[in-house]
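# Inside the fold
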Amino acid sequence: MMRMRSGLAWMTLVAGLLAGCGTSAVAESPPGAAPGPVVAPSAAPDVPAGAIAVTGAVRTPRTVTADQIAALPQRTVSVQFASGKGTEQHAEAGVLLTDLLPVDSLATTSAKNDQLSFAVVAVGSDGYRALVSYGEAAPDFGNRGLLVSTSEDGAPLARPRLVVPGDGKGGRYVSDLVRLEVIRAAG
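Reference entry: report on the structure contained in this document. (Residues numbered from 1 in each chain as written. Predicted model: local features only at pLDDT ≥ 70, side-chain atom pairs only at ≥ 80, totals over all residues. Heavy atoms only, no water.)

## Some points on the side chain of arginine 161
Here is the rule we go by: Only DSSP runs of H or I with at least four residues qualify as helices, and only runs of E with at least two residues qualify as strands; both kinds are numbered from the N terminus onward. The buried label applies to any residue whose accessible area, calculated with a 1.4 Å probe on protein chains only, is under 20% of its type's maximum; exposed applies above 50%, and partly exposed to all values in between. Between N or O atoms, a polar contact is any pair within 3.5 Å; within protein, one atom must be a potential hydrogen donor and the other a potential acceptor, and residues adjacent in sequence are included only when both atoms are from side chains. By definition, residues are in contact when any of their heavy atoms lie within 4.5 Å.
Here arginine 161 lies in strand E10 (residues 155–163). A residue is classified by how much of its surface remains accessible, and arginine 161, at 11% relative accessible area, is buried. A polar atom in the side chain of arginine 161 sits 3.2 Å from the side chain of glutamate 92. Within the structure, the side chain of arginine 161 is placed 2.3 Å from the side chain of glutamate 152, a separation counted as a polar contact. When sequence neighbours within four positions are dropped, the list of residues in contact with arginine 161 reads Phe81, Glu92, Leu147, Val148, Ser149, Glu152, Tyr173, Val174, Ser175 and Leu177.

Take a look at the structure:
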């Protein structure tokens, strides 16, 4: 029984985070759900085209400009994923998520492997959100090569796109990326 309750609590936490990503508006839990707040959605920040706001559990919240992103080491990956349009294949170019959001920028503590307690909610200009764990991006752990793409198939993007190589479906690919909201998901 305890295992199921903690599973429900975790699902409620994740659903709340995906719904609002750390905003201050709080509603009551739905009937039958584990007790705790459900976070209400918030509007995406107003950032210039090509820039990304980095907020939440970071040492210094900031807005990273398109020029700052372009100054980071660039990488190109080939990806394939299922979408509503069928199977898509693209060459995505940009920067690693961990180059844009290095471990020393997280509000970590001295706890062992504390970076594994964090997740990043990518938010598009339309409010679309997807969550990735920091551990799956971190070079010392998952090293999945999560990319903040600034170019697709050789054409520049007006706004960056989160790319999650290896995902079978493109649901965690967030187009028109305007915010990376860092959250402490555990601990």
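## Details of the sheet that holds strand E9 (residues 147–152)
What counts, and what does not: Paired strands, as defined in this entry, are two strands with at least two bridges between them according to DSSP. Interaxial angle, 0 to 180 degrees, is taken between N-to-C directions of lines fitted to C-alpha atoms, where a helix line uses only the stretch in contact.
Taken in spatial order, the 4 strands make up an open sheet running E5-E6-E9-E10, and their pairing is antiparallel. The strands lining the two open edges of the sheet, one partner per strand, are strand E5 (75–83) and E10. Recorded for the sheet is a direction-independent mean angle of 40 degrees between the axes of neighbouring strands. In this structure, strand E6 (residues 86–96) lies alongside E9, joined through 5 bridges in antiparallel fashion. Across the sheet, residue glutamate 92 finds its bridge partner in E9, namely glutamate 152.

## Overview of the side chain of glutamate 136
Relative to the helices and strands, glutamate 136 is located in helix H4 (residues 134–137). Overall, the relative accessible area of 14% leaves glutamate 136 in the buried class. Within the structure, glutamate 136 has its side chain in polar contact with the backbone nitrogen of serine 133 (distance 2.9 Å). At 3.1 Å, the side chain of glutamate 136 and the side chain of arginine 172 are in polar contact. Not counting the four nearest positions on each side in its chain, glutamate 136 is found in contact with Gly142, Asn143, Arg144, Leu146 and Arg172.

## Some remarks on the pattern of salt bridges
Which entries qualify depends on this criterion: One speaks of a salt bridge when a side-chain nitrogen belonging to Lys or Arg is within 4 Å of a carboxyl oxygen belonging to Asp or Glu.
Evaluation of the coordinates by the stated rule reveals 8 salt bridges. Note that arginine 172 is salt-bridged to glutamate 136, the shortest N-O span being 3.1 Å. You can see arginine 172 sitting in the loop between E10 and strand E11 (177–184) and its partner glutamate 136 sitting in helix H4, a full 36 residues away along the chain. Where arginine 179 meets glutamate 181, a salt bridge forms, and the shortest distance between an N and an O atom there is 4.0 Å. Among the charged side chains, a salt-bridge network with shared partners connects Glu136, Arg144, Asp167 and Arg172.

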